[in-house]
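Architecture and fold: a report
Residues per chain, in single letters:
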Amino acid sequence: MSEKNTALYIHVPFCIKKCPYCDFYSVATLSLKERFVDALLTEISLREDPQSAIDTIYFGGGTPSLLAPREIESILSRVRDHFNLETDCEITLEVNPGTVGPGYFDEIRRFGVNRLNMGVQSLCDEKLGFMERIHSAETAGQALRSARRAGFDKLGFDLIFGLPGETETSWRKDLDRALEFHPEHLSCYMLTYEPGTPMHNELQAGRISPLDDESAASLFKFTSTYLEANGYLHYEISNFAAGPGHRSRHNRKYWDLVPYLGFGPSAHSFDGSTRSWNHADVRRYGDELEQGVLPVAETETLTREQVLIEMVMLGLRTSGGIDIKAFEKISSQGFMEMFKEVARECAARSWAMIVNHRFILTLEGRLFLDTVTSLFAEKIWNR
Amino acid sequence: MNIKRKNIRNFSIIAHIDHGKSTLSDRLIQLSGIVADRDFKDQILDSMDIERERGITIKSQTVSLPYTAEDGEEYLLNLIDTPGHVDFSYEVSRALASCEGAFLLVDASQGVEAQTLANIYLAMEHDLEIVPVVNKIDLPSAEIDWVKDQIDEDLGLDSETALLVSAKTGEGVASVFEAAVAMVPPPEGDSDAPLKALVFDSHYDPYRGIIVHFRVFEGSVAPGDKITFLSSDAVYKVEEVGLFQIKREPVKRLMAGQVGYMVAGIKMISDIKCGDTVTLAGNPCEGPLAGFRDPNPVVFSSMYPVASDEYPELTEALEKLKLNDASLVYEKDSSAALGFGYRCGFLGLLHLEVVQERLEREYDLSLILTSPSVRYEITRTDGTVEIIDNPSLYPDPGEIETTREPFITASIIVPDRYMGAVMQVCLEHRGVSTNYQYLTSNRIEMKFTLPLAEVVYEFYDRLKSVTQGYGSFDYEIAGYQETDLAKLDFLVNGERVDALSQLVHRDKAVDRARNACKKLREEIPRQMFKIAIQGAIGGKIISRETVSAYRKDVTAKCYGGDISRKRKLLEKQKKGKKRMKMVGSVEIPQSAFLSVLKSSK
């Protein structure tokens, strides 16, 4: 895998306000931002690799658009000093539409950011209210228009569906509003009640009655059918692209199990066999880097079994499915020999098909991704 | 310690649950000074977590307290602790047989309860000197005069002699020592006669083997003596004898009248039976002490490890637990659904729960228990009679002539405003009211004949709930009566799950089946397909529930930071599956097996 390009992820752990459904690491105060940026610059220097070939940089969070343009500039210039960037390197910034002022997009574009992922979540104020977002649909619309005006021709939107009481009609209206902006990329996430989040607590306490399984399943299928009819490729469980070239270069690295470098608190790195991650604690992150120590919380080297399980778990998420030949190279055992029963079970339920040596889930099958993954995992464990 | 027989006192404290026995015992220990204050942990005698949590004594412990009385003499006061639950009444009776006196503890706000009565009858059977103690006099709700009236009228004791104490604040506790000296008679017995001693308990020490708790009635015993247990005929050489002073305190010799322990390299718990007589192998006493009987389990259930590969661990754990609990009996059992396990017999439902909890906590096992059953007596059409406690051995109904089930006589004491509610609960449980009497102007003792099987099934919880905790309950076994039994089976997607089968009274079968199906529906997680849950008698389906299939199972997002976590979740699910039992293609969690044992009320 060494000849492949590497992805670089930067986690910006600050938010104006925590969203009740979100389980990514961040703190709702900006007091440590300067210290964080300094520490981040140190981490980038300490982990330098001039031999690398970086073809995507992704600012995620948290709320990366809380970084001032000059902070983004210094971070990117530090990256350029210590890593080798491909000429067409994709540089994405996640943006909360509620955080950007006039001129912001022009400036960051000048510093090299060439793709935006807009945390729109919805273009319906009622839904935004339920999700306790800090922006309205109108603000989001303004931000989108201003990004376009600044010349961004790669815009991605994050949307969430499957809120309590959501219907196909309401979700379709939300989608239609988004489509008016002709985004190059759409991430449509079914609302998940992640353990540890306030929304999960509300659910446990019975104060939220979640959308029933049946309706959530049908919204999921509707999303796929509707967006494909509008010219989008459903290339991963929750991701849609306006064409093959608009698929997220960055996120595909995760699903293809190729190396990536993660900087910032809680960020994960992977070199093809070993994964490590930083402390999910911005103070500790700063402390350790100020002492010249890498703030690594844990490291795990994947066993062959674990690599196989991740190949299945991640491959099944994508429209490319599991690459059977690549799988067999690692398993040294025939794919069909290992998974005959799983394949038969999936075929009987119209959950999967094998095309060009790839095991690919159908739309119905994608609804049962975790079940199918478990079926595969059991076979891998019992090998 | 060299102490004269006339300066020894052997006594128990008997009380209804929650009347403060453990707290009083703790105060007495504290006052005696054998434990430094800083080492003092509340309720020293209840040393098991379960005991402290439930506030009951399961495993009794005994303690010898040195005391200098007002007459200036040194006394040794042996406080023989007793288990505080009806399941263990035989063990209580053996402990009482080792005493000359008993303090009867009555809660100043609760008054006399069913167990108080049962205990006092036991104490009277053993001719003990009974000293009433009114406890919790510090409570605002204490009604000392009312309790004194009960002591006079209900118990027939002299309330003039009653001690007034608050074990909590310590008030009056010292008077218990003086009363022990003044009112409990010293033990009798000839230290020169052949050894005659009573085993009233035992426990296991991993370094010393089984430690026998005993009372010497005649003769004496010292290290080096060869002793024998009359019922088991086992012979051992005594290694150590001594007194219980929280720690074991070795002495040179235990004489007639004393209470203590013995270490004799004993490894076989089957040799040591509560109530057995110990004597010298070379110079035996004439005959055994009266009152011995083999432990008699009344409730049976099979235990299976949730993970089938933990069967050897379960075997080992039961062997170890048995060392501390001679009344636990078990034999191998197997189930199509659950694999290998053990059929266990218990003294009662509480005993069952205690054993289960100890196996899970102390031995880190995860267990599935089958529905508790009593012993049924079945006469076949060919005239043969057999005792059956396991639904899997229940014969074809066509071969059964008659079935009989064990009954109990229950005594329930409640404020009379709950009389109707209690009557209702008893009738629901096939009870027959035999008699009632007013103990005081508003407290009533009700007597019922009830099938033991009904008591095993949630009766006690129901009684507590309808009487808002004011009802007290005690029972004794009262023989067999004819009954109409049915074997209730449960099918999951058409497959019979033998471990869920129950023997029930035919009139109750439909209710039970419906309740259990409902519980199973709540506990069995949705799976890829629809699951039918049915209750059946023979081929006839009498209840049905459905667990619908899930419609989606998909993780919405998975990026860099999620991958390891998601994979670990999968690995965790794999471990979780070890806690599931596969029946056909359906995964049934451990909790589902437990849920059918409880009613929905």
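The rules behind the values
Residues numbered from 1 in each chain as written. Chains lettered and ligands numbered in written order. Predicted model: local features only at pLDDT ≥ 70, side-chain atom pairs only at ≥ 80, totals over all residues. Heavy atoms only, no water. Helix = DSSP H or I, 4+ residues; strand = E, 2+ residues; numbered from the N terminus. Contact = heavy atoms within 4.5 Å. Areas by Shrake-Rupley, 256 points an atom, 1.4 Å probe, with all protein chains shown as cover. pLDDT = per-residue confidence, 0-100. Expected span 1.5 Å × (residues − 1). Buried < 20%, exposed > 50% of the residue type's maximum accessible area, 1.4 Å probe, protein only. Arc of directions from axis to C-beta. Core = buried A, V, L, I, M, F, W, Y, C linked by side-chain atoms within 4.5 Å. Domains from an automatic or database assignment. Salt bridge = Lys/Arg side-chain N within 4 Å of Asp/Glu carboxyl O. Pairing = 2+ DSSP bridges. Axes fitted to C-alpha atoms, helices over the stretch in contact; angles between N-to-C directions. Patch = residues over 30% accessible without salt bridge, like charges linked within 9 Å, V, L, I, M, F, W, Y side chains within 5 Å. Lys, Arg positive; Asp, Glu negative; His and termini not counted. Charge placed at Lys NZ, Arg CZ, Asp CG, Glu CD. 1 Å grid on protein atoms, 1.4 Å probe; cavity = no way out; pocket = protein on both sides within 12 Å on 5 of 7 lines; lining within 4 Å. Points joined across faces, edges and corners; volume = space filled by probe spheres on them. Nonpolar A, V, L, I, M, F, W, Y, C, P; charged D, E, K, R; others polar.

Details of the overall build of chain B
Along the backbone of chain B there are 13 helices and 33 strands. Of the contacts made within chain B by residues no fewer than 6 positions apart, 69% connect residues no fewer than 24 positions apart. Taken as a whole, chain B presents about 24700 Å² of accessible surface, with 48% of it coming from carbon and sulfur.

Some words on the confidence of the model for chain B
The predicted model of chain B averages 87 in pLDDT, with 94% of residues at 70 or higher. As a predicted assembly, this complex carries a pTM of 0.68 together with an ipTM value of 0.93.

Details of helix H2 (residues 69–82) of chain A
Residues and elements named next belong to chain A. Under the 1.5 Å per step criterion, the end-to-end length of H2 is 20 Å for 14 residues, consistent within 8% with the ideal 20 Å. Residues of H2 that are buried include every one of Pro 69, Glu 71, Ile 72, Ile 75, Leu 76, Val 79 and His 82, and no others. Across the axial projection of H2, the buried residues extend over an arc of 165 degrees, all falling on one side. Opposite the buried face of H2, by more than 90 degrees, sit the exposed residues Arg 70 and Asp 81. For H2, the elements touching its buried residues are strand E1 (6–12), helix H1 (33–46), strand E2 (49–61), strand E3 (83–95) and helix H3 (104–110).

Observations regarding the nonpolar core
The biggest cluster of nonpolar side chains holds 129 residues, and the ones touching the most others in it are Ile 57, Phe 59, Phe 105, Leu 116 and Phe 359 of chain A. Here this core spans two domains, and each of domain 1 (6–255) and domain 2 (304–381) of chain A adds at least three residues to it. Not counting chain neighbours up to four residues away, the residues in contact with Phe 105 of chain A comprise Val 95, Val 100, Leu 116, Met 118, Ala 143, Ser 146, Ala 147, Ala 150 and Phe 152 of chain A. The next biggest cluster of nonpolar side chains, apart from the first, holds 47 residues, and it includes Cys 344, Ile 388, Ile 412 and Val 414 of chain B.

Brief notes about the pattern of salt bridges
Between side chains of opposite charge, a pair can form as their charged atoms come close. Residues and elements named next belong to chain A. Under the defined criterion, the tally for this structure stands at 56 salt bridges over all chains. For Glu 132, the salt bridge goes to Lys 17, with nearest N and O atoms at 3.4 Å. Placement of the pair is Glu 132 in the loop between helix H4 (125–130) and helix H5 (137–149) and Lys 17 in the loop between E1 and H1, with a sequence separation of 115 residues. With relative accessibility at 40%, the residue Glu 132 sits in the partly exposed group. Classification of Lys 17 as partly exposed rests on a relative accessible area of 35%.

Side note on the sheet that holds strand E1 (residues 8–15) of chain B
Residue and element names in this part refer to chain B. Pairing within the open sheet is mixed, and its 6 strands lie in the order E2-E3-E1-E4-E5-E6. One side of each edge strand has no neighbouring strand; the edge strands of this open sheet are strand E2 (62–68) and strand E6 (163–164). One ladder, built from 5 bridges, connects E1 with strand E4 (residues 101–107); its direction is parallel. Each residue of the ladder has a partner; that of Ile 14, found in E4, is Leu 104. Against the sheet, helix H4 (residues 114–125) contacts E1, E4 and strand E5 (129–135), and its axis sits at roughly 155 degrees relative to E1.

Points about a negative patch on the surface
Negative charge collects at one region of the surface, where Asp 145, Asp 149, Asp 152, Glu 153, Asp 158 and Glu 160 of chain B lie side by side. Taking relative accessible area as the criterion, Asp 152 of chain B reaches 34% and is therefore assigned partly exposed.

Side note on empty space enclosed by the protein
Rolled over the atoms, a probe as big as a water molecule pinpoints where empty space is left. In the structure shown here, the tally under the stated rule is 6 cavities of 30 Å³ or more. Together, 13 residues line the largest cavity, and Tyr 304, Thr 370, Asn 390, Asp 498 and Ala 499 of chain B are the ones closest to its centre. Per-element tally for the lining of the largest cavity: the top contributor is strand E18 (residues 329–335) of chain B, with 3 residues. Split into classes, the residues belonging to the lining of the largest cavity amount to 3 nonpolar, 7 polar and 3 charged. By volume, the second largest cavity is sized at about 50 Å³. As for the second largest cavity, its lining consists of Cys 15, Ile 16, Lys 17, Cys 19, Thr 63, Asn 96, Thr 99, Glu 132, Arg 133 and Ile 134 of chain A. When grouped by side-chain class, the residues that make up the lining of the second largest cavity number 4 nonpolar, 3 polar and 3 charged.

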